[in-house]
Each structure stands twice: as structure tokens, then as C-alpha cells.
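An overview of the molecular structure
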Amino acid sequence: MKALRSSAAEMRLVGGRLCLDFVNTVDGRNDSVPLGDKLAVYSDLVAWSQHSGIVTAAQAARLIKESKQKTAAANSVLHRAIALREALHRIFKATVTESVPQSSDLETVNDELLKARKNEKLISTDKGFTWEWAAEDTALDRMLWRVAQSAAEFLSTGDLSRLRECGGEQCGWLFEDTSRNRTRQWCHMQDCGNLAKVRRFRTRLRSSSKTKRRRVTR
Ligand SMILES: [Zn+2]
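Right, let's walk through the structure included here. Keep in mind that what you see is a predicted model, and the values were worked out from it rather than measured.

Examined bridge by bridge, strand β3 (residues 120–125) and strand β4 (residues 128–133) share six bridges and lie antiparallel to one another. Within β4, the residue paired with I123 across the bridge is T130. Remark: two residues form the turn of the hairpin made by β3 and β4, two consecutive strands paired antiparallel.

Per the counting criterion, the structure on display carries three aromatic pairs. For the ring pair F92 and F154, a centre distance of 5.9 Å and an interplane angle of 55° mean the geometry is tilted. Highlighted residues: F92 in helix α4 (residues 71–96) and F154 in helix α6 (residues 142–157), separated in sequence by 62 residues. F92 sits in the buried class, given a relative accessible area of 0%. Relative to W145, the ring of W133 lies with its centre 5.2 Å away and its plane at 40°, an arrangement referred to as tilted. One end of the pair, W133, is in strand β4; the other, W145, is in helix α6, with 12 residues separating them in the sequence. Here W133 and W145 have matching classes, each one buried. The lysine or arginine in question, R184, covers the ring of F175, its NZ or CZ lying 3.9 Å from the ring centre.

For the rest of this paragraph, the subject is the nonpolar core. Counting residues in hydrophobic clusters, the biggest one holds 46 residues, and the most contacted among them are F22, Y42, W48 and F92. Mapped by element, the contributors of at least two residues to this core are α1 (18–23), α2 (42–52), α3 (57–69), α4, α6 and β6 (174–176). At eight residues, the largest contribution of residues to this core is made by α4. The contacts of Y42, once residues within four sequence positions are left out, are L63, S67, A74, V77, L78, L140 and M143.

We now examine the coordination of the zinc ion. Protein ligation of the zinc ion involves C166 (SG), C171 (SG), C187 (SG) and C192 (SG), the donor distances falling in the range 2.3 to 2.4 Å. If you look at the zinc ion, its four donor atoms make angles of 106 to 113° with each other, and the shape they trace is tetrahedral. Written as a sequence motif, the donor residues of the zinc ion are C-x4-C-x15-C-x4-C. Taken together, the positions of C166 in the loop between β5 (163–165) and β6 and C192 in helix α7 (residues 189–205) put the pair 26 residues apart, joining distant regions of the chain. Residue C166 shares its accessibility class with C192, and that shared class is buried.

Calculation notes
Residues numbered from 1 in each chain as written. Predicted model: local features only at pLDDT ≥ 70, side-chain atom pairs only at ≥ 80, totals over all residues. Heavy atoms only, no water. Pairing = 2+ DSSP bridges. Helix = DSSP H or I, 4+ residues; strand = E, 2+ residues; numbered from the N terminus. Phe/Tyr/Trp six-rings, centres within 6.5 Å; stacked < 30°, edge-to-face > 60°. Buried < 20%, exposed > 50% of the residue type's maximum accessible area, 1.4 Å probe, protein only. Lys NZ or Arg CZ within 6 Å of the ring centre and 35° of its normal. Core = buried A, V, L, I, M, F, W, Y, C linked by side-chain atoms within 4.5 Å. Contact = heavy atoms within 4.5 Å. Donors = N, O, S within 2.8 Å, 3.2 Å for Na, K, Ca; no water. Tetrahedral: all angles 85-135°; square planar, octahedral: opposite > 155°, others 65-115°.

So yeah, pure geometry; function would need other evidence.
In C-alpha cells form, the structure reads like this:
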């Protein structure tokens, strides 16, 4: 199966962690409010999951087939996905601004984490014991388990002092700054980094006139 056609399958994965790439499934943010959503329908969620490598092409095909037979259930998973994404965004944003996250947002993440844990089982292999997903490939919410796990891992054991929000105008994408000097400013140099350079250049040229503001297309 070819990659599903969706802007979610073409977006840059620059967060450095699955949970951050998931929070970045918007075209940008204005004061935290999403500007354009890459997850408009359930198949976008599947496309993003395949793009991110958490479901295989074969699994994606089965999920799409299943979602067409269970449209109400698929829509419900999409709503859960958006609720999880926005809760995570507020938690991460609170971390960046060193404020206290809302307990209702932590509850949302914990609800999803609980669902993920219910679907894990310990198995024995030639190389020792490992975790495996117990549910069928057709479990429509399987990608949310991985996102919830990734977020819990980052929040509990990650270096949150490296969490950054892109400095680009109306971008709002988040990433983990793994640069040695902790100096990464942009989600991607070719997007927000270049736009900022162009703006600085224009401002220098015509500091008194207003330059037309352009948003990143990605
Ligand atoms: Zn950016």
C-alpha cells in the first residue's frame, strides 16, 4: 500500500519525540490556538501514524478498512486524539513557561495511558522478555497508546529543560533541543528560520514600512 494522501503524511517530523511530533500536527498556532489542523479526518491520523513509523503500511490499510465499517468509532478516536493533542500541548507549554499544568489535562493523558497499559502484555522471546501489544491490528486507537506512552516517558524521565517552542511567528511547534549548546531556536531552519531571516532583512531595509506577513506552508 502506498502512503495515504494527507498533509499529515508529509509534515516534517522535527519534534525529536513522537509525542512532540503529534502535538505538531497543526499548521501553526496563534496564542496556542491551532491554525489549520492536519488531523481533519480519521484517515489523517492513520496517515500520520504510518508517516511516523508507529504503524506499518499493512496495519494502516487494515485500520482504514476497519474505520470505514465503524465510522462512529473512528470519529470518536479522532476526537480523543485531538483532545489528547491539545491537553499535551497545554502541559508542554506549561512546562516551557514554568507554570503549573491543569489537572484536567493530566487526567486526559492518564485516561489514554490507562487504555494503552490495558493493551500491553509481557511476552518471552529468544532474547528475553519484552512488551507487546495484546490487541488486534484493527484496534482503531492503537496509535494513541504509543503517543500517550511517549508523552509519559518524556514527562517522567526526559530532560524537560530541553523542551522548546519554535520562535517562528504563528508557528508554535514544539521540539526537544538536543543541540550541544542548547541554542536551537526553530522547528526547522528552512521554514521558520529562513522566514525570520527574511523578516529581519526586510525590517533592516524598510524599518518604517510594514512588511506583509507570511505564514509557513508545510
Ligand atoms: Zn517553526
